[in-house]
Amino acid sequence: MAIFDKGATTQDILQYHLRVGPGDVADYVLLPGDPGRVALIAEHLDDPREVADHREYRTVTGSYRGIPVSATSTGIGCPSAAIAVEELCNVGVSHFIRVGSSAAFVEGIHKGDILINTASMRCDGASAMYVDDGFPAVADHFLVRGLIDAAADLAPGRGFATHVGINVSSDAFYAETPEWVERMIGQRIMNVEMESSAIFTIAHLRQVKAAMVCAVSYNFTAPAEIDYEGVNEPLVAGWHNAIDVALEGIRRYEATKRTE
């Protein structure tokens, strides 16, 4: 009995979910969760063009200072992010930077601050389909270095603070109880989001590079400041800063990647 092999039959063709094909996307892809934020990224690119818009996946391609760059939304959570990374790898993408929002656990981190993560604690189900329980989800050192350096250069003029540390990726937004948050704080986890553990894991398995830079949406240690009613000015500014950190990080990485 012949069994369909997804991995063997989806290379270098129009992709089932993203609806992108070879040549549609650049080597570098920024990965926001929200399809609406792809348009925000496009504002930072030269000559952006929409490539595809299907389900939660919207893709644009343009350039930054002469470097081709694309952006593809992943939707919410590791399962949809895993599909995005797999299908982008299928059409030749080699570098991913998640650009999103994240909630902090550490006192003194404020809404709109920039977070750069070196690794992710895997509290998701998708990455467990790929690797053993003890497998670490780690960002690429060289991409992370580019993000940190870019943030250090941009911060004085923008007035944002940058924090570097380990995050956790959680599948269940409303299961993040006070007890669970206290466990994360006890393990010195800096922040939580919902996609990076799958992105980092699959990038490693596909032998490509991945990193992440996020804007702080709120801090669990300051519940009085949490606002679910709408997007506010510090967070929007944080998104723009995170996008610029990612793009400047790519430029720096391009200049130094020969040292890898």
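Parameters at a glance
- Residues numbered from 1 in each chain as written.
- Predicted model: local features only at pLDDT ≥ 70, side-chain atom pairs only at ≥ 80, totals over all residues.
- Heavy atoms only, no water.
- Helix = DSSP H or I, 4+ residues; strand = E, 2+ residues; numbered from the N terminus.
- Contact = heavy atoms within 4.5 Å.
- Salt bridge = Lys/Arg side-chain N within 4 Å of Asp/Glu carboxyl O.
- Buried < 20%, exposed > 50% of the residue type's maximum accessible area, 1.4 Å probe, protein only.
- Expected span 1.5 Å × (residues − 1).
- Bend = angle between axes of the 7 residues up to and from the residue.
- Polar contact = N/O pair within 3.5 Å; in protein donor to acceptor, adjacent residues only side chain to side chain.
- Core = buried A, V, L, I, M, F, W, Y, C linked by side-chain atoms within 4.5 Å.
- Pairing = 2+ DSSP bridges.
- Phe/Tyr/Trp six-rings, centres within 6.5 Å; stacked < 30°, edge-to-face > 60°.
- Lys NZ or Arg CZ within 6 Å of the ring centre and 35° of its normal.

A. Main features of the environment of Tyr218. Note that Tyr218 resides in strand β10 (residues 209–219). Apart from the residues within four sequence positions on either side, Tyr218 is in contact with Ser102, Ala103, Ala104, Phe173, Ile226 and Tyr228.

B. Geometry of the pattern of salt bridges. Under the criterion given, the structure shown has 10 salt bridges. The salt bridge involving Glu50 is made with Arg58; its shortest N-O contact spans 2.8 Å. Judged by its relative accessible area of 44%, Glu50 falls in the partly exposed class. For Arg58, a relative accessible area of 22% puts it in the partly exposed group.

C. Region of interest: unusual backbone geometry. For Asp12, which is not glycine, the phi torsion reads 60° and is therefore positive. Structurally, the position occupied by Asp12 is in the loop between α1 (6–9) and β1 (28–31). When its relative accessible area of 55% is taken as the criterion, Asp12 is described as exposed. One non-glycine residue, Arg65, adopts positive backbone phi at about 50°. The topology assignment puts Arg65 in the loop between β3 (57–64) and β4 (67–72).

D. Inspection of helix α4 (residues 141–158) at higher detail. The terminal C-alpha atoms of α4 lie 25 Å apart, and with 18 residues this matches the ideal 26 Å at 1.5 Å per residue to within 8%. Along α4, the helix axis deviates most sharply at Ala152, where the bend reaches about 25°; the proline Pro156 sits within four residues downstream. Listed as buried for α4 are Leu143, Val144, Gly146, Leu147, Ala150, Ala151, Leu154 and Ala155. Its side-chain oxygen at 3.2 Å from the backbone nitrogen of Phe142, Asp140 defines the N-terminal cap of α4. Backbone geometry just after α4 places Gly159 at a positive phi near 80°.

E. The arrangement of the nonpolar core in detail. Formed by 65 residues in total, the largest nonpolar core has its most connected members in Leu30, Val69, Leu88, Phe96, Ile97 and Val213. No other element matches helix α7 (residues 233–256), which puts nine residues into this core. Leu88 has contacts with Leu18, Val20, Val25, Val29, Leu31, Thr72, Val93 and Phe96, leaving out every residue within four places of it along the chain.

F. Quick peek at the pairing of strand β5 (residues 95–104). Along β5, nine of the 10 residues are buried, which leaves the element largely enclosed by surrounding structure. Sheet topology note: the β5/β10 ladder contains 10 bridges and is parallel. Looking at β10, one finds that Ala104 is bridged to Asn219. Where β5 lies against strand β9 (residues 191–193), two bridges are found, and the strand directions are antiparallel. Bridge pairing in β9 links Ala104 to Asn191.

G. A look at the environment of Glu43. Residue placement: Glu43 occurs in the loop between α2 (36–42) and β2 (46–54). A residue is classified by how much of its surface remains accessible, and Glu43, at 58% relative accessible area, is exposed. Distance in space between the C-alpha atoms of Glu43 and Glu87 is 25 Å, their sequence separation being 44 residues.

H. Up close: the packing of aromatic side chains. Inspection of the entire model under this criterion finds five aromatic pairs. Look at Phe105 and Trp180: their rings are 6.1 Å apart centre to centre, the planes differ by 70°, and that puts the pair in the edge-to-face class. Taken as a pair, Phe105 in the loop between β5 and β6 (114–123) and Trp180 in helix α5 (residues 178–186) lie far apart in primary sequence, 75 residues in all. Here the aromatic rings of Phe173 and Tyr174 are separated by 4.9 Å at their centres, their planes lie at 75°, and the arrangement is edge-to-face. Classification of Tyr174 as exposed rests on a relative accessible area of 76%. The positively charged end of Arg37 is found above the aromatic ring belonging to Trp239, 4.2 Å away from the centroid.

Read these as geometric descriptors, not functional statements.
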